[in-house]
Amino acid sequence: MILYITVATVTVLLAAFVNNHPATQPYSITRQQMCNRVCLAAIFLILFSLSAARVNVGNDYAKYVEFMHLVNCDSYVPTEIGFNLLVKILYGLSGFENFLLVFGVYAFVTVFVFLLAMYEGSDDFPLTFFLFMALGYYFQTFSTVRYYLALAVALYAMKFVLRRQWGRFIVTVLLGSAFHKSLLVVIPLYILASLPWKKWQLAFAALFCTTFLFLQDFYLKVVVFLYPTYEDTEYLEGGTSYINILRCGAVLLFAGIVMFMEKRHSGTRETERNDMDVINAADGNVVMGKRRFWFYFYLNLGALVLYVFCSFLPIISRIGYYLTVSQILFLPMLLEQIADRRWRKIFRLGVILAAVLYFMMYLSRASNDGVLILPYKSFFFHDMVNILSDMN
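A short tour of the structure in this document, coming up. (Residues numbered from 1 in each chain as written. Predicted model: local features only at pLDDT ≥ 70, side-chain atom pairs only at ≥ 80, totals over all residues. Heavy atoms only, no water.)

1. Some details on the environment of A152
The following threshold applies: Counting from the N terminus, the helices are DSSP H or I runs at least four residues long and the strands are E runs at least two residues long.
Along the chain, A152 turns up in helix 8 (residues 145–162). Remark: the alpha-carbon pair of A152 and G176, spanning 24 residues in sequence, is separated by 9.1 Å.

Below, the structure written as structure tokens:
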């Protein structure tokens, strides 16, 4: 636990020196740009090294080693073509079942894509990175490595939705889905969240959500059709997270408060009539700012609906995470829109304290089944335990 706290503290301190909207000069690199490169490189190396050096850390590490062995033996595995092809290539190049190299490649790509998405998409990189660490996204990459690679791709793909670059968005998601097919769900969900919803449309959507209460068997059959490996397994048990419900509710409430404060600060009927046109993007583009606000807002509203009405669906949290990961971009954006510096500092402190509390709760159960990121073990000092195939 001390190792994880130290890594989180050091990388957050390094992130504090990063300004992801630096002033630029033609044909030269400014001091801030150089500082950004050094700090980001240091953050990447620390996070990558910790992840790549682990052995049997994560709730499904041994299961993945088993999958890799079966892929190498040309046996059936319920994993996607991207994962299988990567294992085949790396095992072939290594000349033996080098599962450490596979986990290393996953760590490299996952950490790199997350950092790139945060640097390009955040209004305040230091705060976004702090939330990324404190809310456990980084440490969860030790488990379900395929999924968290897909989650990083989903976060990165959000910029294409906001820019209405639908071709790039679809291609990026399809590439990511080659490693975890659940990523395909973001195509309809992100498109829906990007629409300019009217009040009557929201009312109709709310009415539709009630069907999840009465047609559960039908929706479960649809899930089994899409994911036949879930049939007759514990994955169909469903379940929800009250903490995630609380998080979504708190974020939406905060967004509403910011809207109210912004309207009062404007003091003109014209601004009230333009609704959220006062929400401003980092580059000063009001239209893009309005689009970003409502996109992130509807993602969190959709996640809240899923957690409340769709708890019977298998692994609902995975679908929800594709939506709630936007919080690490949304919260810094909302804080930037608070004109009153005193209130901005108060809310910023509240966000930081809430994230620290969540981090403490997360670490307190880090050794529990389903997480298992403690104790940390490295291949420098520990050997891999026998997998199922070794015992047969």
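2. As for the side chain of R54
Using the following cut-off: Whether a residue is buried, partly exposed or exposed follows from its accessible area with a 1.4 Å probe, protein chains only, as a fraction of its type maximum: under 20%, in between, or over 50%, in that order. In this tally Asp and Glu are treated as negative and Lys and Arg as positive; neither His nor the chain ends contributes. By definition, a salt bridge exists where a carboxyl oxygen of Asp or Glu is found within 4 Å of a side-chain nitrogen of Lys or Arg. Counted as a polar contact is a pair of N or O atoms within 3.5 Å, where, for protein atoms, one must be capable of donating a hydrogen and the other of accepting one, and residues adjacent in sequence contribute only when both atoms are in side chains. The contact definition used throughout considers only heavy atoms, calling two residues in contact when any of these lie within 4.5 Å.
Position of R54 relative to the elements: it lies in the loop between helix 2 (31–52) and helix 3 (61–72). Within the buried set, R54 has no salt-bridge partner at all; the shortest N-O distance to an opposite charge, 6.7 Å, is to D60. A polar contact of 2.7 Å, which involves the side chain of R54, links it to the backbone oxygen of S51. Contacts of R54, omitting those with residues within four sequence positions, involve Y61, L100, F103, T141, F142, V145, Y376, K377 and S378.

3. Some thoughts on the pattern of salt bridges
Between side chains of opposite charge, a pair can form as their charged atoms come close. Under the definition given, this model contains 5 salt bridges. Between D124 and R348 there is a salt bridge, with its nearest N and O atoms 3.0 Å apart. Taken together, the residues D124 in the loop between helix 5 (99–121) and helix 6 (125–134) and R348 in helix 19 (residues 341–364) connect sequence positions 224 residues apart. Residue class for R348 comes out partly exposed when judged on its relative accessible area of 31%.

4. Thoughts on empty space enclosed by the protein
This is how it is decided: Cavity and pocket criteria rest on a 1 Å grid covering protein atoms alone: a 1.4 Å probe that fits but cannot get out defines a cavity, protein on both sides within 12 Å along at least 5 of 7 lines defines an open pocket, and an atom within 4 Å of a point defines a lining residue. Grid points are joined across faces, edges and corners, and a volume is the space filled by probe spheres set on the points. Note that Gly is not counted as nonpolar here; it falls among the polar residues with everything else outside the nonpolar set of Ala, Val, Leu, Ile, Met, Phe, Trp, Tyr, Cys and Pro and the charged set of Asp, Glu, Lys and Arg.
Applying the stated criterion across every chain, the model contains 1 cavity of 30 Å³ or more. The calculated volume of the largest cavity comes to roughly 80 Å³. Lining the largest cavity, in full, are S51, R54, F103, Y106, A107, T110, V111, T141, V145, Y148 and L149. For the lining of the largest cavity, the residue count by class is 7 nonpolar, 3 polar and 1 charged.

5. A word on unusual backbone geometry
Cis peptide bonds are those with omega within 30 degrees of zero, and the linkage from L374 to P375 qualifies with -5 degrees. Of note in the backbone geometry, N56 takes a positive phi value of approximately 55 degrees without being a glycine. Mapped onto the elements of the fold, N56 is located in the loop between helix 2 and helix 3. The class for N56 is partly exposed, based on a relative accessible area of 22%. Phi at R164 is positive, roughly 60 degrees, even though this residue is not glycine. Within the secondary structure, R164 sits in the loop between helix 8 and helix 9 (166–177).

6. A closer look at a nonpolar patch on the surface
What counts, and what does not: In this analysis, a patch consists of residues with relative accessible area above 30% that form no salt bridge, clustered at 9 Å for like charges and at 5 Å for the nonpolar side chains Val, Leu, Ile, Met, Phe, Trp and Tyr. Using the Shrake-Rupley algorithm and a 1.4 Å probe, accessible areas are obtained, with residue cover drawn only from the displayed protein chains.
Together, L213, F214, L215, F218 and V222 make up a nonpolar patch on the protein surface, roughly 500 Å² of accessible area in all. When residues of the nonpolar patch are traced back to their parent elements, those giving at least two are helix 12 (211–214) and helix 13 (216–226). For L213, the position within the fold is in helix 12. Of the residues examined, L213 reaches a relative accessible area of 44% and is grouped as partly exposed.

7. Structural notes on the nonpolar core
Put simply, the rule reads: Definition of nonpolar core: a set of buried residues of the types Ala, Val, Leu, Ile, Met, Phe, Trp, Tyr and Cys, connected through side-chain atoms within 4.5 Å.
Ranked by internal contacts, the top residues of the largest apolar core, which has 98 residues, are F129, F132, F139, Y190 and I328. The dominant element in this core, judged by the number of residues it contributes, is helix 8, at 13 residues. Listed in part, the 20 residues of the second largest apolar core include V55, Y61, L90 and F103.

8. Points about helix 1 (residues 2–15)
Filter applied, for reference: For a helix, the expected span equals 1.5 Å multiplied by the residue count minus one. Directions are taken from the helix axis to each C-beta atom, and the arc is the one they span.
A rise of 1.5 Å per residue sets the reference length of helix 1, with its 14 residues, at 20 Å; its end C-alpha atoms lie 20 Å apart and thus fit the reference within 8%. For helix 1, the complete set of buried residues consists of Y4, V7, A8, T11 and A15. One side of helix 1 carries all its buried residues, which in axial view fall inside an arc of 95 degrees. Exposed residues lying more than 90 degrees from the buried face of helix 1 are I2 and L13. Residues of helix 1 that are buried sit in contact with helix 2, helix 6, helix 7 (137–140) and helix 19.

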